[in-house]
Amino acid sequence: MTTDFRSTDEEQADEAGKEGEADKSKAREISWRSKSIGLSALDVDDAELMHSWQSDPVAAHHVGFWPRPLSALRERIERDIENDDRDDFLVLLPDGTPVGHVALTNQNMVDGTAQVEQMLAAEHRGAGHAGAVLDALVDLAFGELPLYRLTAKTHTDNAPALAVLVTAGFAQEGISRSACLHRGRRHDLAVFSLLRPEWEALNRPRAWDA
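Because the structure is a prediction, the values reported are computed rather than measured.

Comments concerning the confidence of the model for the protein
Of all residues in the protein, 83% have pLDDT values of 70 or greater, and the mean over the chain is 85. No element of the protein has a lower mean pLDDT than helix α1 (residues 15–25), at 47, and none a higher one than helix α7 (residues 196–200), at 98. A low-confidence stretch, residues 6–18 stays under pLDDT 50, and its non-local contacts, those more than four residues away or across chains, total 32 contacts. Between residues 20–25, whose pLDDT stays under 50, and residues either more than four places distant or in other chains, the model counts twelve contacts.

Here it is as structure tokens:
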């Protein structure tokens, strides 16, 4: 995986598929909630859904996913559940429809640092969910966890993701030149960060205010 924050536009999926996804998720326990989305702990049974999202060519381009079998993804999710330095969530709309995945990875509770990862399903991009998801995750990191610094990375040509990060209060620290290889090309990564005092100064409702 070569980048950690994803947000791009893509074609709409069929309605029947979305209804089926919603039915699977309505009974899920919500770990964290904001006004427009809920976060539910990622489970092994989500592997098939995650695999379909990662197979999206636009996500693969911006993230640099290497095609992996479903069984390998299932094993990775199961392994990550036991990993104390990361928290993975399925993003749900109020009606239970799953729209993406978000995570706090590389958590270091001594230094108070973690990294943000986000991926939205193709049919749910461009609807304003990316900003709501990021705000909710940031509120979790600073409002419930003893974190002080969050980082995020994305390709420098991923304009939607760059805009979402800036709107959420993240500051660009610099560019990692030619930091990843994908489809025969080197890509630069924009490096962003958000500190706890900067989050405290943001003039917006917190997730728990909803």
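Quick word on helix α5 (residues 129–143)
For α5, with 15 residues, the first-to-last C-alpha span of 20 Å sits near the 21 Å given by 1.5 Å per residue. Within α5, twelve of the 15 residues are buried, which leaves it mostly tucked inside the rest of the structure.

Overview of the packing of aromatic side chains
The geometry of an aromatic ring pair is captured by two quantities: the separation of the ring centres and the angle between the planes. Summed over all chains, the structure comprises three aromatic pairs. Ring centres of Trp32 and Trp208 lie 6.2 Å apart, and the angle between their planes is 70 degrees; on these two criteria the pair is classed as edge-to-face. Taken together, the positions of Trp32 in strand β1 (residues 32–33) and Trp208 in the segment after α7 put the pair 176 residues apart, joining distant regions of the chain. Residue Trp208 is classed as partly exposed on the basis of its relative accessible area, which comes to 44%. With centroids separated by 6.4 Å and ring planes inclined at 70 degrees, the aromatic side chains of Trp199 and Trp208 adopt a geometry described as edge-to-face. The structure contains a cluster of three or more aromatic residues connected by ring pairs, namely Trp32, Phe142, Trp199 and Trp208.

A word on the sheet that holds strand β2 (residues 38–41)
Spatial ordering of the open sheet is given by β1-β2-β3-β4-β5-β6-β8-β7, a layout of eight strands whose pairing is mixed. Of all the strands in the sheet, just β1 and β7 (171–182) have a single pairing partner and so form its edges. Sheet analysis places strand β4 (residues 98–108) next to strand β5 (residues 113–120), joined by seven bridges and oriented antiparallel. Across the sheet, the residue bridging to Thr105 is Gln115, located in β5. Each of β3 (87–92), β4 and β5 is contacted by helix α2 (residues 47–54), which is oriented at about 95 degrees to β4, the strand it contacts most.

Regarding the pairing of β4
Counting buried positions over the eleven residues of β4 gives nine, a clear majority of the element. Summarising the sheet, β3 and β4 pair through six bridges and their orientation is antiparallel. The partner of Phe89 across the bridge, within β4, is Val102. Between β3 and β4, which pair antiparallel one after the other, the connecting turn spans five residues, and Gly96 there sits at a positive phi close to 95 degrees. Between β4 and the antiparallel strand that follows it, β5, lie four residues; Gly112 among them carries a positive phi value of about 75 degrees.

Criteria and thresholds
- Residues numbered from 1 in each chain as written.
- Predicted model: local features only at pLDDT ≥ 70, side-chain atom pairs only at ≥ 80, totals over all residues.
- Heavy atoms only, no water.
- pLDDT = per-residue confidence, 0-100.
- Helix = DSSP H or I, 4+ residues; strand = E, 2+ residues; numbered from the N terminus.
- Contact = heavy atoms within 4.5 Å.
- Expected span 1.5 Å × (residues − 1).
- Buried < 20%, exposed > 50% of the residue type's maximum accessible area, 1.4 Å probe, protein only.
- Phe/Tyr/Trp six-rings, centres within 6.5 Å; stacked < 30°, edge-to-face > 60°.
- Pairing = 2+ DSSP bridges.
- Axes fitted to C-alpha atoms, helices over the stretch in contact; angles between N-to-C directions.

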